[in-house]
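Residue-level listing of the chains:
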Amino acid sequence: MTNRCMVIVGSQWGDEGKGKIVDVLAEEVDIVARYQGGANAGHTVHVGTEEFILHQIPSGILHSGRRCLLGNGVVVDPFQLFEEMSELIARGIDAEPRVGVSSRAHLLLPYHKLLDRAAELGRGEKKIGTTGRGIGPAYEDKVARQGIRVGDLRSETRAQALLRAGAERANLRLASIGSELRVDVDGLIGEVMDIRPRLLGLMVDTGQVIDEALVAGQRVLLEGAQGALLDVDHGTYPYVTSSNTTAGGAALGVGVGPTRVDAVVGVVKAYTTRVGEGPLPTELASPLQEQVRELGGEYGATTGRPRRCGWFDAVVVRFARRVNGLTGLAVTKLDVLDTLPEIRIATGYQVSGEAEEITNFPADLEQLAEAVPVYETMPGWQTSTQDARRWEDLPEAARAYLRRIEELTGTPIWYVSVGTRRDQIIPVGR
Ligand code: IMP
């Protein structure tokens, strides 16, 4: 890896295996920083026989000596953060001295989770299928300029006043939408005051830390959560998360300028998955749907929900290349396709009102809902790829499949992952 500041970004609907790619690349960097989202993410990393699921702390924490930051664009659930930290510490990882949290990051508090739950119930059949982690309401408070930032905890009186106002406002809102849920205002203030010194101990200016590191010649990874199609601007709105997951959000979400970023790696599965509601044009029919779900262990790391599975969709990844300015792809979970006799790739969509097949991802959800994918079918390789460590080790048919992905998406493949372990990765032509 020769790049100094690299963004790792999910380029489908999340769960592409970013955690594993970040874990592998973290070996070569000094700082790993998250730039958006919160505990809705679930990054699973396997080290030896151990499995770690990280929700807020960047996956780089599993490499000793790496500094791990939560940028200003993250909504930080401090209780969950300390729970995650305690688990890492109990498993022998010196997490606390290496984690830094931006003073500008907004706090995600228990009342945001209540509001999330109540809003989802209120949506009825039109529910988004959120993770229930309070993400939408926390970003709502931020944009409405009524959020609480980590730095606000410096003054005890100011923090208490903001917490009281936030909790009371949440209770009024819960009542107004007919929910019985309520937050215990004084209880919440007490709980936040208890963890306040510990959180203040982690507070940094992430932009300054990253800028100084880059000036000193160090390397930095900016770790995205979720995926491009869940981006609040570019995703399948309203079935999206509430942050800018795409690479444009990276510099913004840690506090450096976009000219600092010199590479953007898009992580994609060798097929497609989605959890929650909303369109998934290449969704598989039964029983292949269940077969791929079982082969890939496709259950949410945060919620345990079964993921919906589909064929690789080149329309989606071509779109992700454009909105992220991808410089390379990391294709994960190739081995999940090892036993299939044939494999399909969507190259375009047929939509009503358009004589020609469209190759651009439509913004209009109604158009997307009726899009019929146009597929190319390729032969499967029906042999295990799990022991491949070099490009040449891959079966001919697997190489042809990957080359076709490169052609259709206009993006070179930099890495191929063939299993959950750290060593099950193939660097391609870098
Ligand atoms: P929220 O981010 O919890 O508000 O959920 C909004 C949408 O994003 C839902 O469809 C979730 O299933 C999806 N989502 C949020 N985080 C992740 C993730 O880490 N992986 C995959 N989907 C996610």
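Now for a look at the structure at hand. (Residues numbered from 1 in each chain as written. Predicted model: local features only at pLDDT ≥ 70, side-chain atom pairs only at ≥ 80, totals over all residues. Heavy atoms only, no water.)

### Some thoughts on the pairing of strand β11 (residues 263-269)
Right, so step 1: Counting buried positions along β11 gives seven out of seven residues, so the element sits mostly inside the fold.
Right, so step 2: Examined bridge by bridge, strand β1 (residues 5-10) and β11 share five bridges and lie parallel to one another. Residue pairing across strands places Val 9 opposite Gly 266, the latter belonging to β11.
Right, so step 3: In terms of strand pairing, β11 meets strand β15 (residues 328-332) through five bridges, oriented parallel. Bridging across to β15, Gly 266 finds its partner in Leu 329. (Buried < 20%, exposed > 50% of the residue type's maximum accessible area, 1.4 Å probe, protein only. Helix = DSSP H or I, 4+ residues; strand = E, 2+ residues; numbered from the N terminus. Pairing = 2+ DSSP bridges.)

### Concerning the pattern of salt bridges
Right, so step 1: Within the structure shown, the criterion is met by 28 salt bridges.
Right, so step 2: Note that Lys 18 is salt-bridged to Glu 16, the shortest N-O span being 2.7 Å. In terms of burial, Lys 18 and Glu 16 fall into one category: buried.
Right, so step 3: Between Glu 96 and Arg 198 there is a salt bridge whose closest N-O contact spans 2.8 Å. Of the two residues, Glu 96 is situated in the loop between α2 (78-90) and β7 (99-102) and Arg 198 in helix α6 (residues 185-200); the sequence distance between them amounts to 102 residues.
Right, so step 4: You can call Glu 96 partly exposed: its relative accessible area is 24%.
Right, so step 5: Overall, Arg 198 belongs to the partly exposed group, its relative accessible area being 30%.
Right, so step 6: Several salt bridges converge on common partners, so that one network encompasses Asp 15, Lys 269, Glu 298, Arg 307 and Lys 333. (Salt bridge = Lys/Arg side-chain N within 4 Å of Asp/Glu carboxyl O.)

### Looking at the side chain of Arg 318
Right, so step 1: Looking at the element boundaries, Arg 318 is found in helix α10 (residues 314-324).
Right, so step 2: It is Glu 357 that comes nearest to the buried, bridge-free Arg 318 among opposite-charge side chains, at 6.9 Å. (Lys, Arg positive; Asp, Glu negative; His and termini not counted.)

### Points about the site of the ligand
Right, so step 1: Near the ligand you find 16 residues, and of these Asp 15, Asn 40, Thr 131, Thr 241 and Arg 305 are the closest.
Right, so step 2: Contact distances for the ligand include 3.0 Å between a nitrogen atom and a side-chain N or O atom of Asp 15.
Right, so step 3: In the model, an oxygen atom of the ligand is placed 2.6 Å from a nitrogen or oxygen of the Thr 131 side chain.
Right, so step 4: Residue composition of the shell around the ligand, grouped by class: seven nonpolar, seven polar and two charged. (Near = heavy atom within 4 Å. Polar contact = N/O pair within 3.5 Å; in protein donor to acceptor, adjacent residues only side chain to side chain. Nonpolar A, V, L, I, M, F, W, Y, C, P; charged D, E, K, R; others polar.)

### Describing unusual backbone geometry
Right, so step 1: For the bond from Tyr 237 to Pro 238, the omega torsion is 5°, close enough to zero to count as cis.
Right, so step 2: With respect to the helices, strands and loops of the structure, Pro 238 is situated in the loop between β10 (220-223) and α8 (248-254).
Right, so step 3: A cis amide bond links Ser 286 to the next residue, Pro 287, at an omega of 0°.
Right, so step 4: Inspection of the secondary structure assignment puts Pro 287 in the loop between β12 (272-274) and α9 (288-296).
Right, so step 5: Of note, Gln 382 is a non-glycine position whose phi angle comes to about 45°, a positive value.
Right, so step 6: The topology assignment puts Gln 382 in the loop between β17 (372-379) and α12 (396-409).

### What about α9?
Right, so step 1: By the burial criterion, the buried members of α9 are Gln 289, Val 292, Arg 293 and Gly 296. The buried residues of α9 occupy an angular sector of 105° when projected down its axis, which confines them to one face.
Right, so step 2: Buried-residue contacts for α9 involve β13 (308-310).
Right, so step 3: Following α9 by one or two positions, Gly 297 has its phi on the positive side, about 55°. (Arc of directions from axis to C-beta. Contact = heavy atoms within 4.5 Å.)

### What about the environment of Arg 67?
Right, so step 1: Relative to the assigned elements, Arg 67 resides in strand β5 (residues 67-70).
Right, so step 2: For Arg 67, a relative accessible area of 25% corresponds to the partly exposed category.
Right, so step 3: Between the C-alpha atoms of Arg 67 and Ile 31, which are 36 residues apart in sequence, the distance is 4.7 Å.
Right, so step 4: Ignoring sequence-local partners within four residues, the contact set of Arg 67 consists of Asp 30, Ile 31, Val 32, Pro 97, Arg 98, Val 99, Gly 100 and Val 204.

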